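Results of the structural survey
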Amino acid sequence: MSADGQGRNHWFDDEAGPVVRPYAMTRGRTTSAAQHRLDLIAVVVTEPHADDPEADVTLGPEHVDIVELCRDTPQSVAELAAELDLPIGVVRVLVGDLVDVELVHVNRPVPPAELPDENILRDVISGLRAL
């Protein structure tokens, strides 16, 4: 229960929104070393050795939330932003921090240029059927 006795979260003001602004969560940073690799559909996966992220005093509560959300089910950057109700830019910086300390890793989607041509796949299927 919060100090106001009404059980409301004291970090949120119904009229003004969150008391802690997004730039405060990232310590004023707008980029991270890993950010250039984090598009909206990049999938964040918690590392198996990330047992207790709360023990790391350098991590904020949002960092811990990301690790916990991705522990059982890998999440895309877009899903994390929606689940945490944070801007994409903030989530990218936070995920970049977690990649740097090796608590999560990111699986990036295969670029369309590297995917096999659909006609080649059809030819392979036709060849297999002919056997």
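As a starting point, this report considers the structure included with it. Predicted model, so just to flag it, every value in this text is computed and none were measured. (Residues numbered from 1 in each chain as written. Predicted model: local features only at pLDDT ≥ 70, side-chain atom pairs only at ≥ 80, totals over all residues. Heavy atoms only, no water.)

Here the focus is a nonpolar patch on the surface. Taken together, the side chains of Ile 120, Val 124, Leu 128 and Leu 131 present a nonpolar region at the surface, about 460 Å² in accessible area. Tracing the backbone shows Leu 131 in the segment after helix H5 (118-130). Judged by its relative accessible area of 84%, Leu 131 falls in the exposed class. (Patch = residues over 30% accessible without salt bridge, like charges linked within 9 Å, V, L, I, M, F, W, Y side chains within 5 Å. Areas by Shrake-Rupley, 256 points an atom, 1.4 Å probe, with all protein chains shown as cover. Salt bridge = Lys/Arg side-chain N within 4 Å of Asp/Glu carboxyl O. Helix = DSSP H or I, 4+ residues; strand = E, 2+ residues; numbered from the N terminus. Buried < 20%, exposed > 50% of the residue type's maximum accessible area, 1.4 Å probe, protein only.)

Moving on, we get to the packing of helix H2 (residues 61-72) against helix H3 (residues 77-84). Relative orientation of the contacting elements H2 and H3 amounts to 120°, with a least axis distance of 11 Å. Here H2 lies oblique to H3, going by the angle between them. Remark: the crossing between H2 and H3 carries right-handed chirality. Across the interface between the two elements, Asp 65, Ile 66, Leu 69 and Cys 70 of H2 pack against Leu 80, Glu 83 and Leu 84 of H3. Each residue belonging to the contact of H2 with H3 can be placed in one class, and the counts come to 5 nonpolar, no polar and 2 charged. (Axes fitted to C-alpha atoms, helices over the stretch in contact; angles between N-to-C directions. Parallel < 35°, antiparallel > 145°, perpendicular 65-115°, else oblique. Left-handed = near helix turned anticlockwise from the far one by under 90°. Contact = heavy atoms within 4.5 Å. Nonpolar A, V, L, I, M, F, W, Y, C, P; charged D, E, K, R; others polar.)

On to the side chain of Thr 46. Summarising the element assignment, Thr 46 is placed in strand E3 (residues 43-46). What makes Thr 46 buried here is its relative accessible area of 9%. In this structure the side chain of Thr 46 is engaged in a polar contact, spanning 2.7 Å, whose partner is the backbone oxygen of Val 67. The residues touching Thr 46, leaving out its near neighbours within four places in the chain, are Val 67, Cys 70, Arg 71, Leu 103 and Val 104. (Polar contact = N/O pair within 3.5 Å; in protein donor to acceptor, adjacent residues only side chain to side chain.)

On to the sheet that holds strand E4 (residues 75-76). Within the open sheet, the 3 strands sit side by side as E4-E3-E5. Their pairing is antiparallel. Each end of this open sheet is capped by a strand with a single partner; those strands are E4 and strand E5 (104-107). Both E3 and E5 contribute to a ladder of 4 bridges, which runs antiparallel. The residue bridging Val 45 from the neighbouring strand is His 105, located in E5. Running at roughly 90° to E3, H2 makes contact with E3, E4 and E5 of the sheet. Against the sheet, helix H4 (residues 88-100) engages E3 and E5, with an angle of about 115° to E5. (Pairing = 2+ DSSP bridges.)

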